[in-house]
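Listed below, chain by chain, are the residues.
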Amino acid sequence: MTERTIVYRFKNGIYINLTNRCPNLCTFCIKTKWAMQFDGHNLDLAGQEPTAEEILTAVYQELQTPAQEVVFCGFGEPTMRLDVVLAVGRALKKHAKYPQFKIRLNTNGLGNLINRRDIVAELKTAVDMVSVSLNAENETLWKELLRPAPGYENGYQSVLDFIGSCAQSGFEKVTASCVENTAADLKAVRALALSLGADFNDREYLK
C-alpha cells in the first residue's frame with residue numbers, strides 16, 4: 001500500500017484528509033467504490049489520524065505554491081474531529097498568505113449531533129466557507145441514500161438547521177449540494193437550499 005496522504009492538491013485547492021470516520025455510508029460515496037484512492041492519492045489513514053501539528057506542517061509546505069483555498073475534505077467527516085478543524089483553521093488564519101487563500105469546510109451537516117452542541121459559532125472562527133452535502137429533499141429519501149449510522153437516523157432536520165444557521169452566521173459562502181443521478185429531485189433540493197439561505201451546487205455522480 002502506498003503511504004497515507006494527509007494533505008493533497010486538487011485543482012486550485014489544498015485538501016486536508018483529516019479522518020476516515022463518518023456517521024453516514026452514502027450509496028454514492030466513492031471512498032468504498034474507489035478503494036480509498038483519489039486522484040492518485042491513498043486517503044486510507046489506517047486508523048492513524050493526523051495531529052493538528054502534522055496537518056499544519058504539510059499545509060504550510062504546500063502553501064509555498066499558491067492555492068485559492070484550503071479545504072477540510074478527505075474520505076471522512078471533518079467535524080468528527082472538530083478540535084483539530086478549529087486548531088488548524090485558526091492557525092491558518094494567522095498565516096502570512098491569508099487571506100489570499102480561503103478556508104472551506106466540506107461536511108455532511110451532522111456536526112451539531114456529532115459534537116452534541118451547536119458548533120456554528122466555533123466554526124465561524126476557523127473557516128470562511130461551508131459546503132454541506134444535503135443530497136435529498138425529504139427525510140425518508142435522506143435516510144435511504146445516506147444510510148446514517150445508529151444514533152443519526154433522525155439527523156435530517158439537524159442538517160437543515162445547520163445549513164440555516166450557517167447561512168445566518170456571516171460565512172463568506174454557504175452552499176448546500178446534491179449528487180446528480182440519484183433518486184433525489186435536484187430542483188426540489190435546490191429550492192430547499194435556497195429557502196434555507198444557502199447557495200446550491202449539483203455534484204457529478206462519480207462511478
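In short, a report on the structure.

Rules used in this analysis
Residues numbered from 1 in each chain as written. Predicted model: local features only at pLDDT ≥ 70, side-chain atom pairs only at ≥ 80, totals over all residues. Heavy atoms only, no water. Helix = DSSP H or I, 4+ residues; strand = E, 2+ residues; numbered from the N terminus. Rg over C-alpha atoms; globule rule 2.2 N^0.38 Å. Buried < 20%, exposed > 50% of the residue type's maximum accessible area, 1.4 Å probe, protein only. Contact = heavy atoms within 4.5 Å. Areas by Shrake-Rupley, 256 points an atom, 1.4 Å probe, with all protein chains shown as cover. Lys, Arg positive; Asp, Glu negative; His and termini not counted. Charge placed at Lys NZ, Arg CZ, Asp CG, Glu CD. 1 Å grid on protein atoms, 1.4 Å probe; cavity = no way out; pocket = protein on both sides within 12 Å on 5 of 7 lines; lining within 4 Å. Points joined across faces, edges and corners; volume = space filled by probe spheres on them. Phe/Tyr/Trp six-rings, centres within 6.5 Å; stacked < 30°, edge-to-face > 60°. Polar contact = N/O pair within 3.5 Å; in protein donor to acceptor, adjacent residues only side chain to side chain. Pairing = 2+ DSSP bridges. Axes fitted to C-alpha atoms, helices over the stretch in contact; angles between N-to-C directions.

### Digging into the overall build of the protein
Part 1 of the reasoning: Along the protein, the regular secondary structure elements total eight helices and nine strands.
Part 2 of the reasoning: Computed over the C-alpha atoms, the radius of gyration of the protein is 16 Å, within 12% of the 17 Å expected from 2.2 N^0.38 for a compact globule of 207 residues.
Part 3 of the reasoning: Taken along the three principal axes of its C-alpha coordinates, the protein extends 45 × 40 × 30 Å.
Part 4 of the reasoning: Evaluated residue by residue, the protein yields a buried proportion of 50% over its 207 residues.
Part 5 of the reasoning: Considering only contacts in the protein between residues 6 or more positions apart, those separated by 24 or more positions represent 79%.
Part 6 of the reasoning: Split by element, the accessible area of the protein, about 9900 Å² in all, is 49% carbon and sulfur.
Part 7 of the reasoning: In the protein, the 23 positive side-chain charges and the 24 negative ones have mean positions that sit 3 Å from each other.

### Considerations on the layout of surface pockets
Where empty space is left becomes clear once a probe the size of a water molecule has been rolled over the atoms.
Part 1 of the reasoning: Of the voids in this model, the largest pocket is the one considered here, and its volume is about 1400 Å³.
Part 2 of the reasoning: Lining the largest pocket are 44 residues, with Cys73, Arg104, Asn106, Ser133 and Arg203 sitting closest to its centre.
Part 3 of the reasoning: Counting only elements with at least two residues in the lining of the largest pocket, the list comes to β1 (7-10), β2 (13-16), α1 (30-33), β5 (69-72), β6 (102-107), β7 (129-133), β8 (173-179) and β9 (199-203).

### A few points about the packing of aromatic side chains
Part 1 of the reasoning: Scanning all chains against the criterion turns up four aromatic pairs.
Part 2 of the reasoning: Taking 5.4 Å as the distance between ring centres and 25 degrees as the angle between the ring planes, the aromatic pair formed by Tyr8 and Tyr15 counts as stacked.
Part 3 of the reasoning: On the basis of relative accessibility, which here comes to 4%, the residue Tyr8 falls in the buried class.
Part 4 of the reasoning: For the ring pair Trp142 and Tyr156, a centre distance of 6.0 Å and an interplane angle of 50 degrees mean the geometry is tilted. You can see Trp142 sitting in helix α6 (residues 139-146) and its partner Tyr156 sitting in helix α7 (residues 156-168), a full 14 residues away along the chain. Both residues of the pair, Trp142 and Tyr156, belong to the buried class.
Part 5 of the reasoning: Linked through ring pairs, Tyr8, Phe10 and Tyr15 together constitute an aromatic cluster.

### Overview of the environment of Arg9
Part 1 of the reasoning: The topology assignment puts Arg9 in strand β1.
Part 2 of the reasoning: Considered as a pair, Arg9 and Arg90 are 81 residues apart in the sequence and their alpha carbons are 21 Å apart.
Part 3 of the reasoning: With residues near it in sequence (within four places) discarded, Arg9 still touches Ile14, Asp39, His41, Glu62, Leu63, Thr65, Pro66 and Ala67.
Part 4 of the reasoning: Engagement of the side chain of Arg9 in a polar contact is seen with the backbone oxygen of Thr65, the distance being 2.6 Å.

### Concerning the sheet that holds β2
Part 1 of the reasoning: The seven strands lie next to each other as β1-β2-β5-β6-β7-β8-β9, forming an open sheet whose pairing is mixed. Lying at the two open borders of the sheet, with one neighbouring strand each, are β1 and β9. Between one strand and the next, the sheet's axes are offset by a mean angle of 25 degrees, whatever the strand orientation.
Part 2 of the reasoning: Against the sheet, helix α3 (residues 82-92) contacts β2, β5 and β6, and its axis sits at roughly 175 degrees relative to β5.
Part 3 of the reasoning: Against the sheet, α7 engages β6, β7 and β8, with an angle of about 160 degrees to β7.

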